[in-house]
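Each chain, written out:
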Amino acid sequence: MDEEEIEKAVIAYLKKKGFKQTELAFQEEQQHTKNSSSNSSANSRTDPDTAKHILSFTESENVPAQYQEGYSKLRSWTYSSLDLYKHELLRVLYPVFIHCFMDLVAKGHIQEARNFFNSFREDHEMMHLRDLQKLEGVLSPSHLEEMEFAHSLRQSKVNIKICQYSYELLLQYLHKTQSITMLGIINEHINFQVSPGQPSSISDDAEVVTLVGSGQDTVNLINQKEIHWGLLEDSLEERLEKAGVLLSDSEKAEGETKEGDLEESKKRSVEGGKQGSSLKKLKKDKVVGATGKSVRTEVNTASVAPRVKPELTLPVMPTEVEHSILEDLRNRVQLSSVALPSVSFYTFINTHNGLNCSSISHDGSLVAGGFSDSSLKVWDMAKLGQQTDSSILQGENDLAPSENMLGVNGGKRSYTLFQGHSGPIHSVTFSPFGDFLLSSSSDSTIRLWSTKLNANLVCYKGHNYPVWDVQFSPVGHYFASASHDRTARIWSMDRIQPLRIMAGHLSDVDCVQWHANCNYIATGSSDKTVRLWDVQSGECVRIFIGHRSMILSLATSPDGRYMASGDEDGTIMMWDLSSGRCVTPLVGHTSCVWTLAFSCEGSLLASGSADCTVKLWDVTTSMKVPKTEENKTGNTNRLRSLKTLPTKSTPVYTLQFSRRNLLFAAGVLSKSV
């Protein structure tokens, strides 16, 4: 080993790092050594192993091509592997790719990093396009710290499920080729969950590659916490069941027909007397006829759910409201795979791309829309149906009319306008009894409105950034909010400060949903996780990992055992709250799932998407597949889509089951779809 080569390598390293004094001292030392000890040079030779290490270290410091070459060889080896192991080994490529890119940027090799990124990005565009679009903006080492997404990637590990054979093949390759750079990245940024035996069959298992902010051990520890998913003691449903006042099938049929006629008359007046009432009636009769079989099973399912005590002080329900709810429960239609719900769809037109969100009251009588011009508009369906002015019916009777509607032929506008926010409104929600309305906005506030007084009652300030979602609890009085500041907060109507702050997500909290018993709230985030929080302690009690894009919608089943979450890619995942595991992915939508709703007895799940469809899923069948069958068929066959209801060109913004199991939906007519 030439001594001069080693000296040059050391001096080059010191220069690169800017250690000027050390460099001068080293050069002086070398000069002194040459002059004074030429006769004993044999003793001052550097150890060959040390010399080799210094040179290899210098090479790796100076040659970004090592990343390009190392990844390229790993990629070629993976693609040429046996088909049996290939699908598992391919999972390793994406995390190695992004960390190679970020390491090159961190070391200041910007141009090389761009070349590397552009050379291999096509491999990952199908699965990770949105992530790649974010990373494309990383152009300097400071960006890695400033960009939230890149920073969280570098701080956390990726979990990859892999079988023992694949794992050993990978290690053998890395050691054999001495790919120190690749081995370092894999060791630092990937956490392998090795299963014994042969690879699992290729399936749409969303949990095979997951990003976790905290370590997997922390997640497992959180998911072991005990949660009580049952229903509240002494609920109205329980009282009704105990009293034994469930009506006979014929009475149920009569009640449902009345509701059908009411909705039908509303629809007829709104549509200006469109024909089709006979078809509607036929459909109603068919649904009612099929309900008889499922009445008793619903009672049994409800009674199976355990009962829990409320952790919040529940508000007192007015007697007239209680009577109204009991009446609805008596007349509820039992839905099942053979008795699908009737759907009433409200379409907003002429919104000029201004509508951000909508909400429908429990009985469908009120529809609210939140707009980007900071206005909130509420339509009363009964009043809308009574309007007979021909000019209004011929084109101005829009669920979202423009402001000039104030003076159409001297007539009144068809909505109530609420003004108060100073930024776009992102979420609106009615209270369970329809007397209050909440709205959240980019102005970082939440406002409470009275639908009786048509006035703003309170402005809640606490979040520091836009509030993306707000939801009333099932009992009213309490509500939860989700914000860009990465927190969710719980409020009560009578206090202007939040009661609890839930912090833990790595990115925006995009949606929030209450559990059926009001003791928990669920939050969905841009960090691709869903979390369940204890309302009393404010602690995170579950982390659900498996989505591959941001979560946009949540729904909890009426018995409180399951939760559904919908993401930006169109995937819906059904979770078991007890175990924290995904029961089944529901695949079918081709775009963002904006809204989810369980039917009142929990047998059906409705999903609304930007792909302009409402889909109905059979929850009962999806949950009852035996383990043996599940192992044979894989995840993709465990779901059952009952029906797809397409709209002409209307992305679905919101879904809501009435207490009588009529499904309400709303969306805005879009010409660009």
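Remember, it's a predicted structure, so these values are computed and weren't measured experimentally.

Draft legend 1. Highlighting the overall build of the protein. Summing up its helical and strand segments, the protein has 21 helices and 32 strands in all. Taken over 673 residues, the protein has a buried fraction of 51%. Carbon together with sulfur atoms contributes 50% to the accessible area of the protein, which is approximately 31500 Å² in total.

Draft legend 2. Region of the structure containing the sheet that holds strand 20 (residues 520-525). The sheet built from four strands is open, its strands ordered 19-20-21-22 with antiparallel pairing. The sheet terminates laterally at strand 19 (509-514) and strand 22 (540-545), the two strands that pair on one side only. Going from strand to strand, the sheet's axes swing by 20 degrees on average, the running direction of each strand aside. Relative to strand 21 (residues 529-534), strand 20 runs antiparallel, the two sharing five bridges. Across the sheet, residue Ile 521 finds its bridge partner in strand 21, namely Trp 533.

Draft legend 3. Looking closely at the pattern of salt bridges. One pass over the full model with this rule turns up 13 salt bridges. Two residues, Asp 123 and Arg 75, come together in a salt bridge whose shortest N-O distance is 2.4 Å. Within this pair, whereas Asp 123 is found in the loop between helix 6 (110-120) and helix 7 (125-135), its partner Arg 75 is found in helix 4 (residues 65-79), the two being separated by 48 residues in sequence. Among the residues examined, Asp 123 registers a relative accessible area of 27% and is labelled partly exposed. Among the residues examined, Arg 75 registers a relative accessible area of 25% and is labelled partly exposed.

Draft legend 4. Inspection of the packing of aromatic side chains at higher detail. Using the criterion set out here, one finds 20 aromatic pairs in the structure. Where Phe 479 meets Trp 491, the ring centres are 6.1 Å apart and the plane angle is 5 degrees; that geometry is what we call stacked. Within this pair, whereas Phe 479 is found in strand 16 (residues 478-483), its partner Trp 491 is found in strand 17 (residues 487-492), the two being separated by 12 residues in sequence. Assigned by exposure class, Phe 479 and Trp 491 land together as buried. Between the aromatic rings of Trp 594 and Tyr 653, the centroid separation amounts to 5.4 Å while the plane-to-plane angle is 80 degrees, which identifies the pairing as edge-to-face. Taken together, the residues span a long stretch of sequence, with Trp 594 in strand 27 (residues 593-598) and Tyr 653 in strand 31 (residues 652-657) at a distance of 59 residues.

Draft legend 5. Structural view of the packing of helix 4 against helix 5 (residues 83-106). One way to put it is that helix 4 packs onto helix 5 with a least axis distance of 10 Å and a crossing angle of 170 degrees. Regarding the angle of helix 4 to helix 5, the classification is roughly antiparallel. Every residue of helix 5 that contacts helix 4 at Tyr 67, Tyr 71, Leu 74, Arg 75, Trp 77, Thr 78 and Tyr 79 is listed here: Lys 86, Leu 89, Leu 90, Leu 93, Val 96, Phe 97, Cys 100, Asp 103 and Leu 104. Taken together, the residues of the contact of helix 4 with helix 5 break down into 12 nonpolar, one polar and three charged.

Draft legend 6. Looking closely at the confidence of the model for the protein. Of the residues in the protein, 76% reach a pLDDT of 70 or more, and the chain-wide mean stands at 78. Contacts from residues 203-207, a stretch scored under 50 in pLDDT, to residues over four places away or in other chains number 17 contacts. The low-confidence segment residues 388-411 (pLDDT under 50) makes 50 contacts with residues lying over four places distant or belonging to another chain.

Draft legend 7. How the structure looks around the sheet that holds strand 10 (residues 415-419). With antiparallel pairing, four strands are arranged side by side in an open sheet as 7-8-9-10. The sheet is open, and its two edges are formed by strand 7 (355-360) and strand 10, each paired on a single side. Strand-to-strand twist across the sheet, computed as the mean angle between neighbouring axes with direction ignored, equals 20 degrees.

Draft legend 8. Representation of unusual backbone geometry. In this model, Ser 444 sits at a positive phi of 70 degrees, which is unusual for a non-glycine residue. In this fold, Ser 444 is placed in the loop between strand 12 (436-441) and strand 13 (445-450). Despite not being glycine, Asn 661 has its phi angle at roughly 75 degrees, a positive value. Looking at the element boundaries, Asn 661 is found in the loop between strand 31 and strand 32 (663-668).

Draft legend 9. Fine view of the pairing of strand 27. Among the six residues in strand 27, five count as buried, and that is most of the element. Sheet analysis places strand 27 next to strand 28 (residues 604-609), joined by five bridges and oriented antiparallel. Across the sheet, residue Val 593 finds its bridge partner in strand 28, namely Ser 609. Joining the antiparallel neighbours strand 27 and strand 28 is a turn of five residues, in which Gly 602 adopts a positive phi near 85 degrees.

Draft legend 10. Region of the structure containing the UniProt feature "repeat: WD" (unreviewed entry) in the protein. According to UniProt, the "repeat: WD" (unreviewed entry) feature falls on residues 418-450, 460-501, 502-543, 544-585 and 586-627. Helix and strand shares over residues 418-450 are 0% and 61% respectively, and the end C-alpha atoms of the span are 10 Å apart.

Draft legend 11. Expanded view of the nonpolar core. Of all hydrophobic cores here, the largest spans 39 residues; its most connected members are Tyr 71, Val 96, Phe 101, Leu 135 and Met 182. Top contributing element to this core by residue count: helix 5, with 13 residues. Listed in part, the 19 residues of the second largest apolar core include Ile 222, Ala 482, Val 512 and Trp 514.

Draft legend 12. Region of the structure containing helix 5. With 24 residues, helix 5 ought to run about 34 Å at 1.5 Å a step, and its terminal C-alpha atoms sit 36 Å apart, in line with that. Taking the largest bend as the criterion, helix 5 deviates by roughly 25 degrees, centred on Leu 89. The element helix 5 is extensively covered by neighbouring structure, given that 19 of its 24 residues are classed as buried. The first or second residue beyond helix 5 is Gly 108, which carries a positive phi of 90 degrees.

Draft legend 13. Representation of helix 9 (residues 148-155). Among the residues of helix 9, those classed as buried are Phe 149, Ala 150, Ser 152 and Leu 153. Mapping the buried residues of helix 9 onto a view down its axis gives an arc of 165 degrees, with all of them on the same face.

Draft legend 14. Focus on the environment of Asn 159. Here Asn 159 shows up in strand 1 (residues 157-163). Along the backbone, Asn 159 and Gln 193 are 34 residues apart, and their C-alpha atoms lie at a distance of 6.9 Å. Separated by 2.9 Å, the side chains of Asn 159 and Asn 191 make a polar contact.

Definitions and limits used
Residues numbered from 1 in each chain as written. Predicted model: local features only at pLDDT ≥ 70, side-chain atom pairs only at ≥ 80, totals over all residues. Heavy atoms only, no water. Helix = DSSP H or I, 4+ residues; strand = E, 2+ residues; numbered from the N terminus. Buried < 20%, exposed > 50% of the residue type's maximum accessible area, 1.4 Å probe, protein only. Areas by Shrake-Rupley, 256 points an atom, 1.4 Å probe, with all protein chains shown as cover. Pairing = 2+ DSSP bridges. Axes fitted to C-alpha atoms, helices over the stretch in contact; angles between N-to-C directions. Salt bridge = Lys/Arg side-chain N within 4 Å of Asp/Glu carboxyl O. Phe/Tyr/Trp six-rings, centres within 6.5 Å; stacked < 30°, edge-to-face > 60°. Parallel < 35°, antiparallel > 145°, perpendicular 65-115°, else oblique. Contact = heavy atoms within 4.5 Å. Nonpolar A, V, L, I, M, F, W, Y, C, P; charged D, E, K, R; others polar. pLDDT = per-residue confidence, 0-100. UniProt positions renumbered as here; feature names shortened; annotations may be inferred. Core = buried A, V, L, I, M, F, W, Y, C linked by side-chain atoms within 4.5 Å. Expected span 1.5 Å × (residues − 1). Bend = angle between axes of the 7 residues up to and from the residue. Arc of directions from axis to C-beta. Polar contact = N/O pair within 3.5 Å; in protein donor to acceptor, adjacent residues only side chain to side chain.

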